[in-house]
Amino acid sequence: KQEVTQIPAALSVPEGENLVLNCSFTDSAIYNLQWFRQDPGKGLTSLLLIQSSQREQTSGRLNASLDKSSGRSTLYIAASQPGDSATYLCAVRGGYNNNDMRFGAGTRLTVKP
Amino acid sequence: KAGVTQTPRYLIKTRGQQVTLSCSPISGHRSVSWYQQTPGQGLQFLFEYFSETQRNKGNFPGRFSGRQFSNSRSEMNVSTLELGDSALYLCASSPGLRADTIYFGEGSWLTVV
């Protein structure tokens, strides 16, 4: 059964710092991995989608990498801003005998001015 | 282009009642999936529909059901509500299955008293 873990559970950094969020998954036979952000009381906003054949994706200050063989993905946020404060979730689709999306518990990020 | 629309946004029900939640996907999207989010269990997959057919189902009791209409709009129903069903119910849509980015609605907050 596919399991997704995110470390750390919470992270607090001063504005301007570069930071890395981690996501690991147990079954490497995935179709893709997607990173989301969720603001309190809101739905999820898609940030980046990495297909299983890709190694990384970039959007603005965000860069996501995928190492399928080791079951790991990282989300790199450059020059963090207070507006980046949110919970970041990763989700993987696929795995042995599994076609649905499995989510990690998220990393709650606080960027202090 | 309008995003994923979920109604109602907030509702309070009594134990034993039933509830129906509605989701209108992004225009042109044929896949709709549903998730339950609680502080204790995080985001859990309920089911996924594509072209009016249920393609995947999560590990929830039969009290949770759904359907998709020919215009891709979807509804989910929870019968015989329990206190533990209190949660944020999120709907997401994507153009197809597996390979696509999924886009979430703002969710329906259900409180069971």
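Here the structure is a predicted model, which means the values were calculated and not measured.

Q: Mind showing me how you'd approach the overall build of chain B here?
A: Across its full length, chain B holds 0 helices and 11 strands. Along its sequence from the N terminus, chain B presents helices and strands in the succession β-β-β-β-β-β-β-β-β-β-β. Relative to the globule expectation of 13 Å for 113 residues, the C-alpha radius of gyration of chain B, 13 Å, shows essentially globular dimensions. If one aligns the C-alpha atoms of chain B with their principal axes, the spans along those axes are about 35 × 25 × 25 Å.

Q: Help me out: how do you make sense of the sheet that holds strand β3 (residues 19-25) of chain A in this one?
A: Within a sheet, adjacent strands bond to each other through the backbone by hydrogen bonds, running parallel or antiparallel. Residues and elements named next belong to chain A. Within the open sheet, the 5 strands sit side by side as β1-β3-β8-β7-β6. Their pairing is antiparallel. Each edge of the open sheet carries a strand with a single partner, namely β1 (4-7) and β6 (56-59). In this sheet, neighbouring strand axes are inclined to one another by 15° on average, regardless of whether the strands run parallel or antiparallel. Examined bridge by bridge, β3 and strand β8 (residues 72-77) share 6 bridges and lie antiparallel to one another. Across the sheet, the residue bridging to leucine 19 is isoleucine 77, located in β8.

Q: I tried to follow the pattern of salt bridges on my own but got confused; where do I start?
A: When the charged atoms of two side chains lie near each other, side chains of opposite charge can form a pair. Throughout the structure, instances matching the rule amount to 8 salt bridges over all chains. The partner of arginine 37 of chain A in a salt bridge is aspartate 39 of chain A, with the nearest N and O atoms 2.7 Å apart. Overall, the relative accessible area of 15% leaves arginine 37 of chain A in the buried class. Take aspartate 39 of chain A: its relative accessible area is 27%, and that puts it in the partly exposed class. Residues arginine 67 of chain B and glutamate 75 of chain B are paired through a salt bridge, measuring 3.3 Å at the closest nitrogen-oxygen approach. Each of the salt bridges in this network shares a partner with another, and the network as a whole consists of Arg63, Glu82 and Asp85 of chain B.

Q: It is not clear to me how the sheet that holds strand β3 (residues 19-24) of chain B should be interpreted in this structure. Could you clarify?
A: All names here are of chain B. In space, the 4 strands of this open sheet follow the order β1-β3-β8-β7, with antiparallel pairing throughout. Of all strands in the sheet, those with a lone pairing partner are β1 (5-7) and β7 (64-68), marking the two edges. Neighbour-to-neighbour, the strand axes of this sheet turn through a mean angle of 15°, independent of strand direction. In the sheet, β1 pairs with β3 via 3 bridges, with the strands oriented antiparallel. Bridged to threonine 5 within β3 is serine 24.

Q: Help me out: how do you make sense of the side chain of glutamine 68 of chain B in this one?
A: All names here are of chain B. Its place among the elements puts glutamine 68 in strand β7. According to the relative accessible area criterion, glutamine 68 is buried, its value standing at 6%. At a separation of 3.3 Å, a polar atom in the side chain of glutamine 68 contacts the main-chain amide nitrogen of serine 51. Here glutamate 52 takes part through its backbone nitrogen, which lies 2.9 Å from a polar atom of the side chain of glutamine 68. Sequence-distant contacts of glutamine 68, that is, excluding residues within four places in its chain, are made with Arg30, Val32, Tyr49, Phe50, Ser51, Glu52, Thr53, Arg73 and Ser74.

Q: It is not clear to me how the pairing of β1 of chain A should be interpreted in this structure. Could you clarify?
A: A regular strand places its side chains on the two faces of the sheet in alternate fashion. Residues and elements named next belong to chain A. The side-chain alternation of β1 yields one buried face, formed by Val4 and Gln6, and one unburied face, formed by Thr5 and Ile7. Bridge count between β1 and β3: 4 bridges; the pairing is antiparallel. Bridge pairing links valine 4 to phenylalanine 25 in β3.

Q: Just to check I follow, could you spell out the state of the cysteines for this structure?
A: Structurally, a disulfide amounts to a covalent bond that connects the sulfur atoms of two cysteines. One pass over the full model with this rule turns up 2 disulfides over all chains. Between the sulfur of cysteine 23 of chain A and that of cysteine 90 of chain A lies a disulfide, 1.9 Å long from S to S. What sets the handedness of the cysteine 23 of chain A and cysteine 90 of chain A disulfide is the S-S torsion sign, and at about 70° it is right-handed. Of this pair, cysteine 23 of chain A sits in strand β3 while cysteine 90 of chain A sits in strand β9 (residues 86-94), and the two are 67 residues apart along the sequence. Each member of the pair cysteine 23 of chain A and cysteine 90 of chain A is classed as buried. Shown here is the disulfide that connects cysteine 23 of chain B with cysteine 91 of chain B, its sulfur atoms set 1.8 Å apart. Classification of the bridge connecting cysteine 23 of chain B and cysteine 91 of chain B rests on its S-S torsion, roughly -60°, and on that basis the disulfide is left-handed.

Conventions and cut-offs
Residues numbered from 1 in each chain as written. Chains lettered and ligands numbered in written order. Predicted model: local features only at pLDDT ≥ 70, side-chain atom pairs only at ≥ 80, totals over all residues. Heavy atoms only, no water. Helix = DSSP H or I, 4+ residues; strand = E, 2+ residues; numbered from the N terminus. Rg over C-alpha atoms; globule rule 2.2 N^0.38 Å. Pairing = 2+ DSSP bridges. Axes fitted to C-alpha atoms, helices over the stretch in contact; angles between N-to-C directions. Salt bridge = Lys/Arg side-chain N within 4 Å of Asp/Glu carboxyl O. Buried < 20%, exposed > 50% of the residue type's maximum accessible area, 1.4 Å probe, protein only. Polar contact = N/O pair within 3.5 Å; in protein donor to acceptor, adjacent residues only side chain to side chain. Contact = heavy atoms within 4.5 Å. Disulfide = S-S within 2.5 Å.

The quantities given are spatial measurements derived from coordinates; they are silent on function.
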